[in-house]
Every structure is written in C-alpha cells, then in structure tokens.
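Here is what each chain is made of, one letter per residue.
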Amino acid sequence: MGDPHTVLAHAPLIAPLLTNLVGNGLKFTAPGQPARVQVQSRREGDLIHITVRDNGIGIAPEYQERVFDIFQRLHRREDYAGNGMGLAICRKIVEHHGGTLWLESVPLPAPDHGSTFHFTLPAAPEESSPPPRYPQNPTMPDTPCTRPPCARSRSFSSRTANPTSC
C-alpha cells in the first residue's frame, strides 16, 4: 500500500472522525473473531476517498441510513456502550468539509459480514502545485496565503461587515 493521501481539513475535527469510525469497528466485533479494521485512501480528482473497513457484526440494509441519525441506537446499552451520537457527528464533520459519508454493510450471519464506511474530503494541493490563492482585500497584493488550512476560510469582521483578507 502506498503513502496515505493528504487532505485539506481541520485536524481537531478529523481526529474524532477517524477515532469514532475505527473505534466502532473495534467495538462491534463478531463473537469469537478478532477485530480487523483497515483504513485506506485514494485520490478521486479534487477529493480523497477514504474507507474504514471492519469485519464486525455489520448493519442490516434497513438500518444503514438510520445509524447516521442522532441518538439512534441499534443495540441495547447493555450489549454495546455508546449514546447514539458518534456516526451523526461523523457525518456532520465530513459535510462541514464539503464531503460525503456513507456505508456499505453485510450483517451476520453472512460469512463476509462487516461494514465499510466511505467518506470524501478535499485533497490538499499536490507538492509540486503552488500554494493556493485566496481572494484578497482589493487594497492588498494578490499573494499566496501562508496561514494553516484551518485559518484559510474567509471571515467577516463584526466592525466593518467586510471580508477580511487572508
């Protein structure tokens, strides 16, 4: 497997996204089987497509969209810990970055049981690419932005209602 791809994202949000998806793969293990979780990525144009695949108990087709609703649980708390917020938060994080989160799953007792969560995030510029240019204040020169990705979004000053430059 090659090097992982680099995404243009806010790291404090990506950490809980991956922690939750990998954690669910470890939590919802099939009885009598060691947990296996695999994370992979591939570039698709301006996006990075990331998959988190496990060999867990899987999710029946009729519940595959419901698991992304807040406070929706498929199992009793006595069987699996959690509050039903994790996947809803994951979807919000991905959508906040302009991506999409979805899943494919095969439930037990099928021999190929498990879940694969797919999500897309914006790809970071290629190493050989020049730094991204962002709209500048008309009074400032058009120069590359050197702030980290999380600070590159345009904001508005409460005093002037004019966009601040990068």
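For clarity, every value in this text was computed on a predicted model and none was experimentally measured.

Enquirer: I tried to follow the overall build of the protein on my own but got confused; where do I start?
Expert: A tally of helices and strands in the protein yields two helices and four strands. When the helices and strands of the protein are read in sequence order from the N terminus, they spell out α-β-β-α-β-β. Taken over 166 residues, the protein has a buried fraction of 33%. Long-range contacts, defined as pairs at least 24 residues apart, comprise 55% of the intrachain contacts of the protein with a sequence gap of at least 6. For the protein, the computed accessible surface area is about 10500 Å², with 56% contributed by carbon and sulfur atoms.

Enquirer: I would appreciate a short explanation of helix 1 (residues 11-27) in the present structure.
Expert: Along an α-helix, residues three or four positions apart point the same way, because every turn accommodates 3.6 residues. The terminal C-alpha atoms of helix 1 lie 24 Å apart, and with 17 residues this matches the ideal 24 Å at 1.5 Å per residue to within 8%. Here helix 1 has its buried residues at Ile14, Leu17, Asn20, Leu21, Asn24 and Gly25. Taken down its axis, helix 1 places every buried residue within 130° of arc, on the same side. In helix 1, those exposed residues whose orientation departs by more than 90 degrees from the buried face are Ala11, Pro12 and Thr19. Where helix 1 is buried, its residues meet strand 1 (37-44), strand 2 (47-54), helix 2 (86-96) and strand 4 (114-122).

Enquirer: Quick question: what am I supposed to make of the sheet that holds strand 1 here?
Expert: The strand order 1-2-4-3 describes an open sheet built from four strands, whose pairing is antiparallel. With partners counted over all chains shown, the strands left at the sheet margins are strand 1 and strand 3 (101-106), one partner each. Ignoring which end each strand starts from, the neighbouring axes of this sheet average 15° apart. In this fold helix 1 packs onto strand 1, strand 2 and strand 4, with an angle of close to 170° to the strand it touches most, strand 4. Helix 2 rests against strand 3 and strand 4 of the sheet, and its axis sits at about 135° to strand 3.

Enquirer: Got a minute to help me understand the side chain of histidine 113 in this structure?
Expert: In this structure, histidine 113 sits in the loop between strand 3 and strand 4. Engagement of the side chain of histidine 113 in a polar contact is seen with the side chain of glutamine 33, the distance being 3.4 Å. Within the structure, histidine 113 has its side chain in polar contact with the backbone oxygen of glycine 56 (distance 2.7 Å). When near neighbours in sequence (up to four residues on either side) are disregarded, histidine 113 contacts Ala30, Gln33, Asp54, Asn55, Gly56, Val106, Pro107 and Leu108.

Enquirer: Which parts of the structure should I look at to understand the packing of helix 1 against helix 2?
Expert: Helices that pack against each other are described as a pair by the angle of their axes relative to one another and the distance between those axes. In contact at an axis separation of 9 Å, helix 1 and helix 2 are set at 140° when each is read in the N-to-C sense. Of the possible angle classes, the one that applies to helix 1 and helix 2 is oblique. The hand of the helix 1/helix 2 crossing is left-handed. For the pair helix 1 and helix 2, contact is made by Leu13, Ile14, Pro16, Leu17, Asn20, Leu21 and Asn24 and by Gly86, Leu87, Cys90, Ile93, Val94 and His96, respectively. Split into classes, the residues belonging to the contact of helix 1 with helix 2 amount to nine nonpolar, four polar and no charged.

Enquirer: In this structure, what is going on with the pairing of strand 3? I would like to understand it.
Expert: The side chains of a regular strand alternate between the sheet's two faces. What you see with strand 3 is a clean split: Leu101, Leu103 and Ser105 sit on the buried side and Trp102, Glu104 and Val106 on the side with no burial. One ladder, built from six bridges, connects strand 3 with strand 4; its direction is antiparallel. By the bridge assignment for strand 4, valine 106 is matched with glycine 114.

Scoring rules and cut-offs
- Residues numbered from 1 in each chain as written.
- Predicted model: local features only at pLDDT ≥ 70, side-chain atom pairs only at ≥ 80, totals over all residues.
- Heavy atoms only, no water.
- Helix = DSSP H or I, 4+ residues; strand = E, 2+ residues; numbered from the N terminus.
- Buried < 20%, exposed > 50% of the residue type's maximum accessible area, 1.4 Å probe, protein only.
- Contact = heavy atoms within 4.5 Å.
- Areas by Shrake-Rupley, 256 points an atom, 1.4 Å probe, with all protein chains shown as cover.
- Expected span 1.5 Å × (residues − 1).
- Arc of directions from axis to C-beta.
- Pairing = 2+ DSSP bridges.
- Axes fitted to C-alpha atoms, helices over the stretch in contact; angles between N-to-C directions.
- Polar contact = N/O pair within 3.5 Å; in protein donor to acceptor, adjacent residues only side chain to side chain.
- Parallel < 35°, antiparallel > 145°, perpendicular 65-115°, else oblique.
- Left-handed = near helix turned anticlockwise from the far one by under 90°.
- Nonpolar A, V, L, I, M, F, W, Y, C, P; charged D, E, K, R; others polar.

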